[in-house]
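# Structure at a glance
Below are the chains, spelled out letter by letter.
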Amino acid sequence: MNYNSTRNNNTVVSASQAIAQGISAEGGLFVPQSLPQYTAEDIKALTKTDYRGRAKKIFSDFLGDFTAEEISESVDAAYTAEKFGSDNPAPISYIESGDTKMSVLELWHGPTCAFKDMALQILPHLLTKSVKKTFAGKEAVILVATSGDTGKAALEGFKDVEGTKIMVFYPVNGVSPMQKRQMATQQGNNVSVVAIEGNFDDAQTGVKKIFTDAEIKDKLAENNMMFSSANSINWGRLLPQVVYYFSAYCDMVNEGKIAMGDPINVVVPTGNFGNILASYYAMRMGLPIKKFICASNANNVLTDFIQTGTYDKQRTFYTTISPSMDILVSSNLERLLYHLTDGNAEKVAGWMKELSENGKYTVDDDVKAKLDELFYGGFCDDENTQKTISEMYREENYLCDTHTAVAVNVYQQYVAETKDTTPAVIASTASPYKFARSVLEAVSDEALPEDEFAMVDALSAVTKTTVPAPLAMLKDAKVRFTLECKKEEMPQTVLSSLSIG
Ligand SMILES: *Cc1c(COP(=O)(O)O)cnc(C)c1O
(Lines give C-alpha, C1' and ligand atoms only; values in the text may rest on other atoms or scores of the structure.)
Protein backbone atom coordinates (compact mmCIF):
# COMPACT_ATOMS: atom_id res chain seq x y z
CA MET A 1 0.00 0.00 0.00
CA ASN A 2 1.21 3.47 -0.91
CA TYR A 3 0.40 6.95 0.28
CA ASN A 4 -0.52 10.26 -1.42
CA SER A 5 -0.15 13.80 -0.23
CA THR A 6 -3.39 15.61 0.68
CA ARG A 7 -2.17 18.48 -1.48
CA ASN A 8 -0.81 16.60 -4.48
CA ASN A 9 -1.95 13.26 -5.85
CA ASN A 10 1.20 12.96 -7.96
CA THR A 11 3.16 12.51 -4.76
CA VAL A 12 3.26 8.78 -4.11
CA VAL A 13 5.36 7.33 -1.29
CA SER A 14 5.71 4.02 0.54
CA ALA A 15 4.62 3.58 4.15
CA SER A 16 8.19 3.80 5.41
CA GLN A 17 8.86 6.96 3.43
CA ALA A 18 5.66 8.55 4.76
CA ILE A 19 6.69 7.74 8.33
CA ALA A 20 10.35 8.71 7.95
CA GLN A 21 9.51 12.02 6.28
CA GLY A 22 6.53 12.93 8.44
CA ILE A 23 5.13 15.59 6.12
CA SER A 24 5.11 15.96 2.35
CA ALA A 25 7.47 18.49 0.75
CA GLU A 26 4.63 20.81 -0.39
CA GLY A 27 3.16 20.88 3.13
CA GLY A 28 0.48 18.22 2.60
CA LEU A 29 -0.07 15.23 4.86
CA PHE A 30 0.34 11.62 3.80
CA VAL A 31 -2.84 9.57 3.43
CA PRO A 32 -3.31 5.92 2.42
CA GLN A 33 -4.34 5.45 -1.22
CA SER A 34 -6.92 2.86 -0.22
CA LEU A 35 -8.17 1.34 3.01
CA PRO A 36 -8.27 -2.36 3.89
CA GLN A 37 -11.84 -3.61 4.26
CA TYR A 38 -12.74 -5.72 7.30
CA THR A 39 -15.88 -7.84 7.21
CA ALA A 40 -17.79 -8.91 10.33
CA GLU A 41 -15.85 -12.20 10.05
CA ASP A 42 -12.54 -10.32 10.08
CA ILE A 43 -13.60 -8.34 13.15
CA LYS A 44 -14.77 -11.54 14.79
CA ALA A 45 -11.29 -12.96 14.25
CA LEU A 46 -9.86 -9.92 16.05
CA THR A 47 -12.05 -10.63 19.09
CA LYS A 48 -10.18 -13.93 19.47
CA THR A 49 -6.81 -12.26 19.94
CA ASP A 50 -5.35 -9.65 22.33
CA TYR A 51 -4.38 -6.02 21.82
CA ARG A 52 -1.00 -6.92 20.35
CA GLY A 53 -2.57 -9.43 17.96
CA ARG A 54 -5.09 -6.84 16.81
CA ALA A 55 -2.34 -4.28 16.32
CA LYS A 56 -0.23 -6.70 14.26
CA LYS A 57 -3.12 -7.48 11.91
CA ILE A 58 -4.01 -3.82 11.34
CA PHE A 59 -0.38 -2.68 10.97
CA SER A 60 0.34 -5.41 8.44
CA ASP A 61 -2.50 -4.14 6.23
CA PHE A 62 -1.09 -0.61 6.15
CA LEU A 63 2.69 -0.98 6.29
CA GLY A 64 3.26 -2.49 2.86
CA ASP A 65 7.06 -2.38 2.96
CA PHE A 66 7.47 -3.77 6.50
CA THR A 67 8.04 -7.46 7.09
CA ALA A 68 5.82 -9.41 9.49
CA GLU A 69 8.85 -9.74 11.81
CA GLU A 70 9.46 -6.00 11.84
CA ILE A 71 5.82 -5.37 12.75
CA SER A 72 5.80 -8.06 15.42
CA GLU A 73 9.01 -6.76 16.94
CA SER A 74 7.68 -3.20 17.07
CA VAL A 75 4.30 -4.13 18.56
CA ASP A 76 5.76 -6.51 21.14
CA ALA A 77 8.30 -3.94 22.27
CA ALA A 78 5.73 -1.14 22.56
CA TYR A 79 2.67 -2.59 24.26
CA THR A 80 4.13 -4.43 27.22
CA ALA A 81 2.45 -4.96 30.58
CA GLU A 82 5.50 -3.31 32.10
CA LYS A 83 4.81 -0.06 30.24
CA PHE A 84 1.02 -0.08 30.31
CA GLY A 85 0.27 -1.76 33.60
CA SER A 86 -1.47 -4.77 32.05
CA ASP A 87 -1.70 -6.81 28.86
CA ASN A 88 -4.55 -4.62 27.71
CA PRO A 89 -3.05 -1.15 27.27
CA ALA A 90 -6.51 0.33 26.61
CA PRO A 91 -9.04 -1.02 29.12
CA ILE A 92 -12.67 0.13 29.30
CA SER A 93 -14.68 1.34 32.30
CA TYR A 94 -18.41 0.94 31.77
CA ILE A 95 -20.73 3.60 33.12
CA GLU A 96 -24.49 3.30 32.76
CA SER A 97 -26.24 6.47 33.70
CA GLY A 98 -29.99 6.80 33.05
CA ASP A 99 -30.54 5.50 29.55
CA THR A 100 -27.02 6.30 28.32
CA LYS A 101 -24.31 3.70 28.16
CA MET A 102 -20.78 5.06 28.20
CA SER A 103 -17.80 2.85 27.55
CA VAL A 104 -14.92 4.96 28.81
CA LEU A 105 -11.87 3.85 26.84
CA GLU A 106 -8.90 4.62 29.10
CA LEU A 107 -5.98 5.47 26.88
CA TRP A 108 -3.70 6.83 29.60
CA HIS A 109 -2.16 3.81 31.28
CA GLY A 110 1.19 4.29 29.54
CA PRO A 111 4.45 5.79 30.84
CA THR A 112 3.41 9.46 30.61
CA CYS A 113 -0.24 9.06 31.69
CA ALA A 114 -1.77 10.51 28.49
CA PHE A 115 -3.17 8.86 25.38
CA LYS A 116 -0.24 10.00 23.28
CA ASP A 117 1.68 7.01 24.66
CA MET A 118 -0.56 4.70 22.63
CA ALA A 119 1.15 5.96 19.49
CA LEU A 120 4.43 7.32 20.78
CA GLN A 121 5.57 4.10 22.40
CA ILE A 122 5.53 2.42 18.99
CA LEU A 123 6.45 5.32 16.69
CA PRO A 124 10.21 5.21 17.45
CA HIS A 125 10.28 1.54 16.41
CA LEU A 126 8.40 2.25 13.18
CA LEU A 127 10.40 5.37 12.49
CA THR A 128 13.90 3.95 12.94
CA LYS A 129 12.95 0.99 10.74
CA SER A 130 11.48 3.38 8.15
CA VAL A 131 14.61 5.54 8.08
CA LYS A 132 16.80 2.45 7.59
CA LYS A 133 14.68 1.41 4.59
CA THR A 134 14.46 4.73 2.80
CA PHE A 135 17.23 7.00 4.04
CA ALA A 136 19.84 4.51 5.24
CA GLY A 137 22.60 6.00 7.39
CA LYS A 138 20.80 9.26 8.16
CA GLU A 139 20.18 10.52 11.65
CA ALA A 140 16.53 11.44 12.25
CA VAL A 141 15.95 14.77 13.96
CA ILE A 142 12.50 14.75 15.52
CA LEU A 143 10.98 18.18 16.00
CA VAL A 144 7.88 18.36 18.15
CA ALA A 145 5.46 21.15 18.92
CA THR A 146 3.39 20.31 21.95
CA SER A 147 0.41 21.61 23.86
CA GLY A 148 1.68 19.48 26.74
CA ASP A 149 1.17 15.77 26.37
CA THR A 150 2.79 15.01 23.01
CA GLY A 151 6.08 16.50 24.13
CA LYS A 152 6.54 14.28 27.13
CA ALA A 153 5.24 11.18 25.36
CA ALA A 154 7.57 11.78 22.41
CA LEU A 155 10.56 12.40 24.68
CA GLU A 156 9.83 9.23 26.60
CA GLY A 157 9.39 7.23 23.38
CA PHE A 158 12.54 8.51 21.67
CA LYS A 159 14.94 8.89 24.62
CA ASP A 160 18.25 7.18 23.86
CA VAL A 161 16.87 5.63 20.65
CA GLU A 162 19.88 5.14 18.43
CA GLY A 163 19.97 7.21 15.23
CA THR A 164 17.56 9.84 16.54
CA LYS A 165 17.64 13.24 18.23
CA ILE A 166 14.52 14.84 19.60
CA MET A 167 13.71 18.47 20.28
CA VAL A 168 10.46 19.62 21.87
CA PHE A 169 8.94 23.11 21.82
CA TYR A 170 6.15 23.98 24.22
CA PRO A 171 4.27 27.27 24.88
CA VAL A 172 5.78 28.73 28.04
CA ASN A 173 2.44 29.55 29.66
CA GLY A 174 0.31 26.98 27.86
CA VAL A 175 0.97 23.73 29.73
CA SER A 176 0.08 22.53 33.20
CA PRO A 177 2.75 22.62 35.95
CA MET A 178 2.80 18.82 35.91
CA GLN A 179 3.30 18.71 32.14
CA LYS A 180 6.09 21.28 32.40
CA ARG A 181 7.83 19.32 35.12
CA GLN A 182 7.48 16.08 33.18
CA MET A 183 9.31 17.65 30.24
CA ALA A 184 11.89 19.72 32.16
CA THR A 185 13.10 16.63 34.03
CA GLN A 186 13.31 14.35 30.98
CA GLN A 187 16.16 11.84 30.98
CA GLY A 188 18.12 10.77 27.91
CA ASN A 189 21.20 11.83 25.96
CA ASN A 190 19.48 12.74 22.68
CA VAL A 191 16.74 15.01 24.03
CA SER A 192 16.22 18.75 24.39
CA VAL A 193 13.27 20.83 25.56
CA VAL A 194 12.61 24.50 24.81
CA ALA A 195 9.83 26.80 26.05
CA ILE A 196 8.69 29.36 23.50
CA GLU A 197 7.04 32.71 24.08
CA GLY A 198 3.71 32.17 22.37
CA ASN A 199 0.85 29.68 22.26
CA PHE A 200 0.64 26.16 20.83
CA ASP A 201 -0.27 27.40 17.36
CA ASP A 202 2.89 29.52 17.36
CA ALA A 203 4.93 26.45 18.30
CA GLN A 204 3.23 24.29 15.67
CA THR A 205 3.52 26.92 12.92
CA GLY A 206 7.17 27.43 13.84
CA VAL A 207 7.94 23.74 13.59
CA LYS A 208 6.07 23.38 10.29
CA LYS A 209 8.07 26.32 8.89
CA ILE A 210 11.38 24.75 9.90
CA PHE A 211 10.34 21.46 8.29
CA THR A 212 9.71 23.12 4.94
CA ASP A 213 12.63 25.59 5.03
CA ALA A 214 14.89 24.54 2.14
CA GLU A 215 18.02 26.18 3.55
CA ILE A 216 17.75 24.44 6.91
CA LYS A 217 16.96 21.17 5.18
CA ASP A 218 20.10 21.46 3.09
CA LYS A 219 22.17 22.16 6.16
CA LEU A 220 20.86 19.00 7.76
CA ALA A 221 21.49 17.00 4.61
CA GLU A 222 25.13 18.17 4.54
CA ASN A 223 25.45 16.74 8.03
CA ASN A 224 23.75 13.48 7.16
CA MET A 225 20.63 14.33 9.15
CA MET A 226 16.97 14.59 8.20
CA PHE A 227 13.89 16.01 9.90
CA SER A 228 11.03 13.89 10.96
CA SER A 229 7.94 14.50 12.98
CA ALA A 230 6.40 12.88 16.02
CA ASN A 231 3.31 15.12 15.85
CA SER A 232 0.06 13.62 14.70
CA ILE A 233 0.73 14.90 11.19
CA ASN A 234 2.95 11.78 10.97
CA TRP A 235 1.08 8.75 9.64
CA GLY A 236 2.99 6.65 12.16
CA ARG A 237 1.16 8.49 14.91
CA LEU A 238 -2.30 7.98 13.46
CA LEU A 239 -2.14 4.32 12.52
CA PRO A 240 -1.59 3.04 16.10
CA GLN A 241 -4.70 4.98 17.12
CA VAL A 242 -6.89 3.08 14.65
CA VAL A 243 -6.06 -0.08 16.60
CA TYR A 244 -7.69 0.92 19.87
CA TYR A 245 -11.05 1.62 18.29
CA PHE A 246 -11.13 -1.89 16.85
CA SER A 247 -9.82 -3.27 20.12
CA ALA A 248 -12.48 -1.45 22.16
CA TYR A 249 -15.20 -2.82 19.91
CA CYS A 250 -13.82 -6.34 20.28
CA ASP A 251 -13.61 -5.99 24.06
CA MET A 252 -17.21 -4.75 24.19
CA VAL A 253 -18.35 -7.75 22.15
CA ASN A 254 -16.32 -10.14 24.33
CA GLU A 255 -17.69 -8.58 27.50
CA GLY A 256 -21.28 -8.87 26.27
CA LYS A 257 -21.87 -5.12 26.11
CA ILE A 258 -22.78 -5.20 22.41
CA ALA A 259 -23.35 -7.91 19.80
CA MET A 260 -21.07 -8.28 16.78
CA GLY A 261 -22.33 -5.86 14.13
CA ASP A 262 -24.08 -3.48 16.53
CA PRO A 263 -23.40 0.19 15.81
CA ILE A 264 -21.54 2.39 18.30
CA ASN A 265 -20.92 6.12 18.55
CA VAL A 266 -17.55 7.56 19.46
CA VAL A 267 -16.91 10.70 21.49
CA VAL A 268 -13.48 12.27 21.31
CA PRO A 269 -12.05 15.28 23.15
CA THR A 270 -10.38 16.89 20.18
CA GLY A 271 -7.45 19.18 19.53
CA ASN A 272 -5.40 18.42 16.46
CA PHE A 273 -8.09 16.02 15.15
CA GLY A 274 -5.78 12.98 15.19
CA ASN A 275 -7.66 10.80 17.64
CA ILE A 276 -11.10 11.34 16.12
CA LEU A 277 -9.68 10.90 12.62
CA ALA A 278 -8.32 7.50 13.64
CA SER A 279 -11.88 6.47 14.55
CA TYR A 280 -13.06 7.71 11.13
CA TYR A 281 -10.46 5.46 9.47
CA ALA A 282 -11.71 2.55 11.59
CA MET A 283 -15.24 3.21 10.32
CA ARG A 284 -14.07 3.41 6.70
CA MET A 285 -12.39 0.02 7.22
CA GLY A 286 -15.65 -1.54 8.34
CA LEU A 287 -16.06 -0.86 12.07
CA PRO A 288 -19.77 -0.01 12.59
CA ILE A 289 -19.45 3.53 13.95
CA LYS A 290 -22.55 5.63 13.40
CA LYS A 291 -21.67 9.06 14.69
CA PHE A 292 -18.43 10.89 15.50
CA ILE A 293 -18.97 13.31 18.35
CA CYS A 294 -16.24 15.93 18.30
CA ALA A 295 -15.84 17.61 21.68
CA SER A 296 -13.98 20.92 22.07
CA ASN A 297 -13.28 23.28 24.96
CA ALA A 298 -13.75 27.06 24.72
CA ASN A 299 -11.47 26.98 21.67
CA ASN A 300 -14.45 25.81 19.67
CA VAL A 301 -13.22 26.33 16.13
CA LEU A 302 -14.15 22.73 15.24
CA THR A 303 -17.66 23.01 16.72
CA ASP A 304 -18.29 26.00 14.48
CA PHE A 305 -16.75 24.26 11.50
CA ILE A 306 -18.90 21.16 11.88
CA GLN A 307 -22.01 23.28 12.38
CA THR A 308 -21.43 25.81 9.59
CA GLY A 309 -18.89 24.44 7.11
CA THR A 310 -16.67 27.48 7.65
CA TYR A 311 -13.33 27.05 9.37
CA ASP A 312 -12.28 30.39 10.83
CA LYS A 313 -9.17 30.52 12.97
CA GLN A 314 -9.43 34.30 13.51
CA ARG A 315 -10.76 34.31 17.02
CA THR A 316 -9.63 34.71 20.60
CA PHE A 317 -7.31 31.99 21.83
CA TYR A 318 -8.27 30.79 25.30
CA THR A 319 -5.96 29.10 27.80
CA THR A 320 -8.20 26.50 29.44
CA ILE A 321 -8.01 23.76 32.05
CA SER A 322 -7.88 21.22 29.18
CA PRO A 323 -4.68 22.62 27.64
CA SER A 324 -4.03 19.71 25.27
CA MET A 325 -7.05 20.93 23.31
CA ASP A 326 -6.11 24.61 23.22
CA ILE A 327 -5.65 24.65 19.47
CA LEU A 328 -7.04 26.83 16.70
CA VAL A 329 -5.38 25.18 13.70
CA SER A 330 -6.37 21.56 13.78
CA SER A 331 -3.88 19.88 11.45
CA ASN A 332 -5.48 16.52 10.80
CA LEU A 333 -8.74 18.01 9.61
CA GLU A 334 -6.91 18.33 6.31
CA ARG A 335 -6.89 14.55 6.00
CA LEU A 336 -10.62 14.34 6.64
CA LEU A 337 -11.26 16.96 3.95
CA TYR A 338 -9.18 14.93 1.52
CA HIS A 339 -11.28 11.84 2.16
CA LEU A 340 -14.61 13.69 2.17
CA THR A 341 -13.77 15.15 -1.27
CA ASP A 342 -12.86 11.66 -2.50
CA GLY A 343 -9.23 12.63 -2.78
CA ASN A 344 -9.51 16.04 -4.41
CA ALA A 345 -6.00 17.29 -3.54
CA GLU A 346 -6.42 20.50 -5.54
CA LYS A 347 -9.48 21.49 -3.57
CA VAL A 348 -7.80 20.67 -0.25
CA ALA A 349 -4.66 22.59 -1.22
CA GLY A 350 -6.87 25.57 -2.12
CA TRP A 351 -8.65 25.55 1.24
CA MET A 352 -5.35 25.26 3.12
CA LYS A 353 -3.98 28.19 1.13
CA GLU A 354 -7.05 30.24 2.05
CA LEU A 355 -6.58 29.28 5.68
CA SER A 356 -2.98 30.41 5.76
CA GLU A 357 -3.61 33.59 3.71
CA ASN A 358 -7.07 34.72 4.92
CA GLY A 359 -7.44 32.78 8.15
CA LYS A 360 -10.52 30.92 6.95
CA TYR A 361 -12.17 28.77 4.29
CA THR A 362 -15.61 27.34 3.59
CA VAL A 363 -16.14 23.81 2.30
CA ASP A 364 -18.57 23.05 -0.53
CA ASP A 365 -22.12 21.72 -0.07
CA ASP A 366 -21.14 18.15 -0.79
CA VAL A 367 -18.54 18.06 2.01
CA LYS A 368 -20.90 19.89 4.35
CA ALA A 369 -23.61 17.26 3.73
CA LYS A 370 -21.15 14.46 4.59
CA LEU A 371 -20.06 16.30 7.74
CA ASP A 372 -23.71 16.61 8.81
CA GLU A 373 -24.30 12.92 8.28
CA LEU A 374 -21.27 11.69 10.23
CA PHE A 375 -20.20 14.34 12.73
CA TYR A 376 -21.65 16.18 15.67
CA GLY A 377 -19.68 19.10 17.10
CA GLY A 378 -20.08 20.54 20.57
CA PHE A 379 -18.05 22.35 23.18
CA CYS A 380 -17.83 22.82 26.92
CA ASP A 381 -16.28 25.71 28.87
CA ASP A 382 -14.10 25.39 32.00
CA GLU A 383 -16.95 25.86 34.45
CA ASN A 384 -19.00 23.04 32.92
CA THR A 385 -15.90 20.88 32.61
CA GLN A 386 -15.42 21.04 36.38
CA LYS A 387 -19.14 20.52 36.97
CA THR A 388 -18.96 17.36 34.88
CA ILE A 389 -15.90 16.07 36.77
CA SER A 390 -17.78 16.64 40.01
CA GLU A 391 -20.96 14.90 38.79
CA MET A 392 -19.08 11.95 37.33
CA TYR A 393 -17.27 11.52 40.61
CA ARG A 394 -20.18 12.03 42.97
CA GLU A 395 -22.84 10.20 40.95
CA GLU A 396 -20.89 7.54 39.07
CA ASN A 397 -17.88 7.20 41.35
CA TYR A 398 -15.66 7.74 38.33
CA LEU A 399 -12.74 10.16 38.47
CA CYS A 400 -11.92 11.70 35.10
CA ASP A 401 -9.52 14.36 33.90
CA THR A 402 -10.46 17.70 32.36
CA HIS A 403 -10.22 16.53 28.71
CA THR A 404 -12.33 13.45 29.28
CA ALA A 405 -14.87 15.60 31.12
CA VAL A 406 -15.22 17.82 28.05
CA ALA A 407 -16.08 14.69 26.06
CA VAL A 408 -18.60 13.48 28.63
CA ASN A 409 -20.28 16.88 28.79
CA VAL A 410 -20.57 17.18 25.00
CA TYR A 411 -21.86 13.63 24.84
CA GLN A 412 -24.59 14.54 27.35
CA GLN A 413 -25.50 17.53 25.18
CA TYR A 414 -25.66 15.23 22.17
CA VAL A 415 -27.97 12.73 23.86
CA ALA A 416 -30.22 15.50 25.20
CA GLU A 417 -30.48 17.00 21.73
CA THR A 418 -30.83 13.88 19.60
CA LYS A 419 -32.16 11.21 21.99
CA ASP A 420 -29.64 8.87 20.30
CA THR A 421 -28.63 6.35 22.98
CA THR A 422 -26.47 4.10 20.78
CA PRO A 423 -23.70 2.73 23.06
CA ALA A 424 -20.91 5.28 23.06
CA VAL A 425 -17.16 4.85 23.36
CA ILE A 426 -15.76 7.90 25.13
CA ALA A 427 -12.06 8.38 24.53
CA SER A 428 -10.52 9.11 27.92
CA THR A 429 -7.26 10.83 27.11
CA ALA A 430 -5.40 11.58 30.34
CA SER A 431 -5.00 10.52 33.94
CA PRO A 432 -6.85 12.87 36.30
CA TYR A 433 -3.56 13.26 38.19
CA LYS A 434 -2.02 15.07 35.25
CA PHE A 435 -4.42 17.94 35.89
CA ALA A 436 -4.61 17.59 39.65
CA ARG A 437 -5.46 21.21 40.47
CA SER A 438 -8.59 21.42 38.31
CA VAL A 439 -9.74 17.92 39.21
CA LEU A 440 -9.19 18.45 42.94
CA GLU A 441 -11.02 21.76 42.78
CA ALA A 442 -13.97 19.95 41.22
CA VAL A 443 -14.21 17.06 43.68
CA SER A 444 -13.21 18.67 46.98
CA ASP A 445 -14.62 21.58 48.98
CA GLU A 446 -11.41 22.06 50.97
CA ALA A 447 -9.02 24.94 50.29
CA LEU A 448 -6.42 23.97 47.68
CA PRO A 449 -2.85 23.35 48.81
CA GLU A 450 -0.35 25.56 46.99
CA ASP A 451 2.16 23.13 45.66
CA GLU A 452 1.33 20.93 42.64
CA PHE A 453 2.54 17.78 44.37
CA ALA A 454 0.59 18.56 47.51
CA MET A 455 -2.47 18.75 45.23
CA VAL A 456 -1.63 15.36 43.80
CA ASP A 457 -1.42 13.89 47.30
CA ALA A 458 -4.65 15.63 48.33
CA LEU A 459 -6.45 14.24 45.27
CA SER A 460 -5.29 10.78 46.21
CA ALA A 461 -6.42 11.22 49.81
CA VAL A 462 -9.82 12.67 48.92
CA THR A 463 -10.68 10.13 46.22
CA LYS A 464 -8.83 7.13 47.68
CA THR A 465 -7.21 6.46 44.31
CA THR A 466 -3.53 5.84 43.63
CA VAL A 467 -1.14 8.36 42.13
CA PRO A 468 0.34 6.86 38.93
CA ALA A 469 3.98 5.97 39.59
CA PRO A 470 5.49 8.06 36.74
CA LEU A 471 3.86 11.19 38.20
CA ALA A 472 4.69 10.37 41.82
CA MET A 473 8.36 10.06 40.82
CA LEU A 474 8.55 13.59 39.42
CA LYS A 475 8.54 15.20 42.84
CA ASP A 476 12.20 14.39 43.39
CA ALA A 477 13.35 14.46 39.77
CA LYS A 478 16.04 16.95 38.79
CA VAL A 479 15.19 19.78 36.34
CA ARG A 480 17.46 19.52 33.29
CA PHE A 481 15.92 22.00 30.81
CA THR A 482 15.15 25.69 31.38
CA LEU A 483 15.80 27.25 27.93
CA GLU A 484 13.24 29.76 26.63
CA CYS A 485 13.18 31.39 23.17
CA LYS A 486 11.06 33.66 20.98
CA LYS A 487 9.19 32.05 18.11
CA GLU A 488 11.41 33.84 15.55
CA GLU A 489 14.42 32.22 17.21
CA MET A 490 13.21 28.67 16.74
CA PRO A 491 15.20 27.90 13.55
CA GLN A 492 18.44 29.15 15.08
CA THR A 493 17.76 27.27 18.30
CA VAL A 494 17.38 24.05 16.33
CA LEU A 495 20.60 24.56 14.38
CA SER A 496 22.57 25.50 17.51
CA SER A 497 21.32 22.53 19.42
CA LEU A 498 22.41 20.24 16.57
CA SER A 499 25.78 22.07 16.53
CA ILE A 500 25.46 22.83 12.81
CA GLY A 501 24.96 26.58 12.69
C1 LIG B 1 -3.53 15.43 22.56
C2 LIG B 1 -4.66 15.37 23.50
C3 LIG B 1 -5.98 15.57 23.07
C4 LIG B 1 -6.32 15.94 21.65
O5 LIG B 1 -6.10 14.89 20.74
P6 LIG B 1 -5.99 15.16 19.18
O7 LIG B 1 -5.64 13.87 18.58
O8 LIG B 1 -4.93 16.20 19.00
O9 LIG B 1 -7.32 15.67 18.74
C10 LIG B 1 -6.99 15.42 24.00
N11 LIG B 1 -6.71 15.12 25.29
C12 LIG B 1 -5.46 14.93 25.74
C13 LIG B 1 -5.23 14.62 27.17
C14 LIG B 1 -4.39 15.03 24.85
O15 LIG B 1 -3.14 14.84 25.31
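Now for a look at the structure at hand. (Residues numbered from 1 in each chain as written. Predicted model: local features only at pLDDT ≥ 70, side-chain atom pairs only at ≥ 80, totals over all residues. Heavy atoms only, no water.)

One open sheet holds the 5 strands; their spatial order is S9-S6-S7-S8-S16, and the pairing between them is parallel. This sheet does not close on itself; its edge strands, each paired only once, are strand S9 (225–229) and strand S16 (484–486). Taken pair by pair, the neighbouring strands of this sheet meet at an average axis angle of 30°, ignoring direction. Alignment of strand S6 (residues 139–145) against S9, held across 5 bridges, turns out to be parallel. Within S9, the position partnered with Leu143 by the bridge is Ser229. (Pairing = 2+ DSSP bridges. Helix = DSSP H or I, 4+ residues; strand = E, 2+ residues; numbered from the N terminus. Axes fitted to C-alpha atoms, helices over the stretch in contact; angles between N-to-C directions.)

Within the largest apolar cluster, 110 residues are counted, with the highest numbers of intra-cluster contacts made by Phe246, Tyr361 and Phe375. Counting residues per element, this core draws most heavily on helix H12 (residues 235–254), at 13 residues. Among the nonpolar cores identified, the runner-up in size contains 41 residues, and Ile95, Met325, Val410 and Ala442 belong to it. (Core = buried A, V, L, I, M, F, W, Y, C linked by side-chain atoms within 4.5 Å. Buried < 20%, exposed > 50% of the residue type's maximum accessible area, 1.4 Å probe, protein only.)

Two faces make up the sheet, and in a regular strand the side chains alternate between them. Examined bridge by bridge, strand S1 (residues 2–5) and strand S2 (residues 8–14) share 4 bridges and lie antiparallel to one another. Among the inter-strand pairings, Tyr3 is bridged to a residue of S2, identified as Val13. Where S1 folds back onto S2 in an antiparallel hairpin, the turn is made up of 2 residues.

Let's shift gears to empty space enclosed by the protein. One simple way to see leftover space: roll a probe sized like a water molecule over the atoms. Counted under the stated rule, the structure contains 4 cavities of 30 Å³ or more. Considering only enclosed or pocket space, the largest cavity measures out at about 240 Å³ in volume. Elements with a minimum of two residues in the lining of the largest cavity: helix H8 (149–158), H12 and helix H13 (274–284). Split into classes, the residues belonging to the lining of the largest cavity amount to 6 nonpolar, 13 polar and 3 charged. If you add up the space inside the second largest cavity, you get close to 70 Å³. Tyr94, Ile95, Glu96, Lys101, Met102, Ser103, Met252, Lys257 and Pro423 are the residues that line the second largest cavity. Elements supplying a minimum of two residues to the lining of the second largest cavity: strand S4 (92–97) and strand S5 (100–106). (1 Å grid on protein atoms, 1.4 Å probe; cavity = no way out; pocket = protein on both sides within 12 Å on 5 of 7 lines; lining within 4 Å. Points joined across faces, edges and corners; volume = space filled by probe spheres on them. Nonpolar A, V, L, I, M, F, W, Y, C, P; charged D, E, K, R; others polar.)

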